[in-house]
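Observations on the model geometry
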Amino acid sequence: MSAPIIEVHNLTKNYGAVKALRGVSFEVQEGEVFGLLGPNGAGKTSTVEILEGLRPPDGGIVSVCGLDPQSPGSAFKQEIGAVLQSTALPDKLRVGEAISMFASFYKRRRDPAALLKRFGLEEKRNTFYSYLSGGQKQRLALAMSLVNEPRVLFLDEPTAGLDPQVRREIYTIIEELKKERKTILLTTHYIEEAEKLCDRVAIIDQGRVIAQGTPRELKQRSAGTTRIELRLARPESDAALKQLEGVADCHASDGVYVVHSTRVPQTIVSLVKYLEANGNELSSLDIAAPSLEDVFLELTGRRLRD
Amino acid sequence: MRNAWTLTKVRMRLALRNRAFIFFSLVFPLIFLFLFLGLFARSNVAAVPYMLASVLAITVMGSFWGLSIQLVTFREQGILRRFRVAPVGPGAMLASSILSNYILTLPTVAIEFALARRIFHMQGWGNLGGVFFLITLGIVTFAALGLIIASVTNSTQETQVINQILWSAFLFLSGATLPLPMLPIWLQRFALFLPATYLVTGLERVMVARVGIRQIEPEIVALAVSAAMAFFLSQQLFRWEPEAKVGPRAKVLAAATIVPFLLLGLWETAHGNLRSTARTDFLSIERSAPADRPAPLNAPR
Ligand SMILES: Nc1ncnc2c1ncn2[C@@H]1O[C@H](COP(=O)(O)OP(=O)(O)O)[C@@H](O)[C@H]1O
Ligand SMILES: [Mg+2]
């Protein structure tokens, strides 16, 4: 394997008393889509912005395309593309002007008109930035991040705050980039996004990487237990359900009982018997495939979205 | 350098799409023009160049506001960060502020000259080479001063308050609105410490006495030093990030901006003749007023 295109070793960052990063390490290979998955405040943006050269690290070593992001001069900036967590442009800048201006800053550049076309912004060429919808603004941000054919693309929560349909549009775009073998570092707090888009994922929580691997590898870690979600005609106590065969854990929320089982068939059989004996009934039952959510829950004892 | 030019073009477009900018850079100086020339120079053609010099100075000093507020807005809204991930340096950003100010001010200056000739019957053009020189240095100085204020303030509001205070000082204590010889002596002495005063008296010299560039050397040196100093400092103080706070070093540097002006003022006080030439130019327009009409302004004798 060739040298990684992104190397992060024991990265730390403090904001006053807040220890935002406490020794983050990972590597990204060329052509890979790598995800940083974690809840708000985990340290995703801090990590990405250090890699983009926007913030200086307090400790550790980072290298992108073999360069130090803090190195003076423009050589580093020529190589990267970025969609920041929130992109802002002047209200009265037209879409076409924005992308042409950014294209002109780079040595290697793509045709701005072709990029606008690809991102469905052709007709918006003469529209002021402030008149774009959230999804259009994000598509423009993506188009702008590609004007220099970057070797590494950073996407910081590219779909946060967008409605589901727009989010799917952005997924399609990222999947296309993935097919083109673009190296992408993506942050997200959406499990589906990480599972769907990333070749490898680092789960990050409170400034530390707590697990790392392909989505499949990570899910196998929690393969010890499978999640069963049930609804019942009448309420039962968690304690009673915990007594069933093969059940490792059980908790209820909003009338849904989530049972973690090590032996699914046995658990279901004993559940049905128990309910019959007590004159209760199943209203629904779902066996959920293990997800990154489960991995996160298992590792931290907390849910990713709260 | 190419980046600076690209940014200049874009920022000029943005400025021209901003009503407040149009008002302050075009309408406002023209209001001054009609006010000054209409009130004080209608019956005295000889006073037109003198008044025009004031209006030109006010126009040039307007670049103090100009694009520095735009830059603060860019920083506050997080727009600057997007430029920062691209290969754009602070030098290009700052140079584009000054360059766009410069290019946008020249048409206003041309309109002012044209109106002074057409409507107020100004004779001759003054020493145009000298005018050009002073205006160029003046815009760089005042635009760069504006950039320093932009760097040491944390919000558009704060920038506006500080600009307002300094702007009033420039306007009223430099001779731009009230001729220097009309100010009390202690204020005249104080004025020697303001870069604005050198701009105003320099412009009066080339417009009224039509002196050559050699004779406005002190003014040119004063403005050139201010311009270089202010640009250097604005580069040192530049901040990309909205949350980056102004550090103690930045404050010391910003405070250091006054040192060259202090030295300049002291030198001028000891060796210069700026106050006396300002008085000569002022009296020359009064003397040439027709005898049967009242003098345009009364200088303290
Ligand atoms: N500029 C800053 N100043 C102070 N604290 C910050 C700053 N940026 C981030 N933090 C803090 O650092 C931690 C990590 O934040 P961030 O990197 O933005 O996480 P994420 O992107 O995963 O939500 C949070 O506790 C956040 O409040
Ligand atoms: Mg973030």
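Residue indices begin from 1 for each chain and proceed along its sequence in written order. A letter from A marks each chain and a number from 1 marks each ligand, given out in the order of writing. Whole-chain, interface and lining totals are the exception, using all residues; otherwise, since this is a predicted model, local features are given only for residues with pLDDT of at least 70 and side-chain atom pairs are given and counted only at 80 or more. Heavy atoms throughout the structure, all of them, feed into the side-chain values; hydrogens and water do not.

**Brief notes about the interface of chain A and chain B**
The partner chain B presents 21 residues to the 28 residues of chain A that form the contact. Here the quantity called buried area is the accessible surface, traced with a 1.4 Å probe, that two parts lose on coming together, added over both. Approximately 2,300 Å² of surface area, both sides summed, lies buried where chain A meets chain B, with 61% of it carried by carbon and sulfur atoms. For this analysis, a salt bridge means a side-chain nitrogen from Lys or Arg found within 4 Å of a carboxyl oxygen belonging to Asp or Glu. Remark: the boundary between chain A and chain B carries three salt bridges. A:Glu97 serves as the salt-bridge partner of B:Arg13, at 3.4 Å between the closest nitrogen and oxygen. Any N or O atom pair separated by 3.5 Å or less is treated as a polar contact, with the protein-specific requirement of one donor-capable and one acceptor-capable atom, and with residues adjacent in sequence counted only for side-chain atom pairs. Where chain A touches chain B, the interface holds eight residue pairs in polar contact (both at pLDDT 80 or more). Taken together, the elements giving at least two residues each to the side of chain A that touches chain B come down to α2 (75-79), β5 (80-83), α3 (95-104) and α5 (134-145) of chain A. To qualify as a helix, a DSSP run of H or I must reach at least 4 residues; to qualify as a strand, a run of E must reach at least 2; elements of each kind are numbered from the N terminus. Per-element accounting of the side of chain A that touches chain B gives the leading share, four residues, to α3(A). Residue contacts are defined here by distance: any two heavy atoms, one from each residue, within 4.5 Å place the two residues in contact.

**Section: the environment of B:Leu115**
Residue and element names in this part refer to chain B. Along the polypeptide, Leu115 turns up in helix α6 (residues 90-118). When accessible area is computed with a 1.4 Å probe and restricted to protein chains, residues below 20% of their type maximum are described as buried, those above 50% as exposed, and intermediate ones as partly exposed. Its relative accessible area of 19% is what places Leu115 among the buried residues. Placed 63 residues apart in sequence, Leu115 and Leu52 show a C-alpha to C-alpha distance of 9.9 Å. Discounting residues that sit within four places of it in the chain, Leu115 has contacts with Leu30, Leu33, Phe34 and Phe120.

**A look at the sheet that holds strand β10 (residues 226-232) of chain A**
Residue and element names in this part refer to chain A. Read from one edge of the open sheet, four strands run β11-β12-β10-β13, paired in antiparallel fashion. On the outer flanks of this sheet lie β11 (247-253) and β13 (282-288), each paired with one strand and no other. Within the sheet, the average angular offset between the axes of one strand and its neighbour, ignoring direction, is 20°. The criterion for strand pairing is that DSSP finds at least two bridges linking the strands in question. The axes used here are C-alpha line fits, helices contributing only the stretch in contact, and every angle between their N-to-C directions lies in the interval 0 to 180 degrees.

**A word on the sheet that holds strand β7 (residues 183-188) of chain A**
Within a sheet, neighbouring strands are paired by backbone hydrogen bonds and run either parallel or antiparallel to one another. Residue and element names in this part refer to chain A. Reading across from one edge, β5-β6-β7-β3-β8-β9 is the order of the six strands in this open sheet, with mixed pairing throughout. Both outer strands of the open sheet, β5 and β9 (208-213), are each paired with one neighbouring strand and no more. Across the sheet, the mean angle from the axis of one strand to that of its neighbour is 15°, orientation sign disregarded. Across five bridges, the pairing between strand β8 (residues 200-205) and β9 is antiparallel. Its bridge partner lying in β9, Ala202 is registered against Gln212. Relative to β7, helix α1 (residues 44-51) is tilted by about 155°, and along the sheet it contacts β3 (33-37), β6 (152-156), β7 and β8. Contacts from helix α6 (residues 164-179) reach β3, β6 and β7, with the element oriented near 150° to β7.

**Regarding the layout of surface pockets**
Residue and element names in this part refer to chain B. A cavity here means a set of points on a 1 Å grid, drawn over the protein atoms and nothing else, where a 1.4 Å probe fits but cannot get out; a pocket is an open set with protein on both sides within 12 Å along at least five of seven lines, and a residue lines either one if it has an atom within 4 Å of a point. Grid points are joined across faces, edges and corners, and a volume is the space filled by probe spheres set on the points. In this structure, the largest pocket encloses a volume near 740 Å³. Among the elements of the structure, α1 (2-16), α2 (19-40), α4 (66-76), α6 and α8 (156-173) are those that each provide at least two residues to the lining of the largest pocket. We call Asp, Glu, Lys and Arg charged. Ala, Val, Leu, Ile, Met, Phe, Trp, Tyr, Cys and Pro are nonpolar, and the rest, Gly among them, are polar. For the lining of the largest pocket, the per-class residue count stands at 14 nonpolar, 13 polar and three charged.

**Details of the nonpolar core**
By nonpolar core we mean a set of buried residues, namely Ala, Val, Leu, Ile, Met, Phe, Trp, Tyr and Cys, connected to one another through side-chain atoms within 4.5 Å. In this structure, B:Met61, B:Phe83 and B:Leu203 are the most contacted members of the largest nonpolar core, which totals 145 residues. With sequence-adjacent residues up to four places away left out, B:Met61 is seen in contact with B:Phe142, B:Trp167, B:Phe170, B:Leu171, B:Ser174, B:Ala176, B:Ala196 and B:Leu199. A:Leu36, A:Leu51, A:Leu54 and A:Ala82 belong to the second-largest nonpolar core, a separate cluster that totals 28 residues.

**Let's talk about the site of ligand 1**
The full set close to ligand 1 counts 14 residues, and A:Gly41, A:Gly43, A:Lys44, A:Thr45 and A:Ser46 are the nearest of them. Neighbouring residues of ligand 1 are not confined to one chain but are distributed across chains A and B. In the environment of ligand 1, an oxygen atom lies 3.2 Å from a nitrogen or oxygen atom belonging to the backbone of A:Ala42. Contacts to ligand 1 include A:Lys44, whose backbone N or O atom sits 2.8 Å from an oxygen atom. Calculation on ligand 1 without its partners gives an accessible area of 550 Å², and the protein chains cover 66% of this total. Those elements giving two or more residues to the shell around ligand 1 turn out to be β2 (18-28) and α1 of chain A. The cutoff for a nearby residue is simple: one of its non-hydrogen atoms must lie within 4 Å of the molecule or strand. For every accessible area listed, the method is Shrake-Rupley and the probe measures 1.4 Å; residues are considered covered only by the protein chains on display.

**Describing the side chain of B:Thr141**
Residue and element names in this part refer to chain B. Relative to the helices and strands, Thr141 resides in helix α7 (residues 128-152). A residue is classified by how much of its surface remains accessible, and Thr141, at 0% relative accessible area, is buried. At 2.7 Å, the side chain of Thr141 and the backbone oxygen of Leu137 are in polar contact. The residues touching Thr141, leaving out its near neighbours within four places in the chain, are Pro195, Leu223, Ser226, Ala227 and Ala230.

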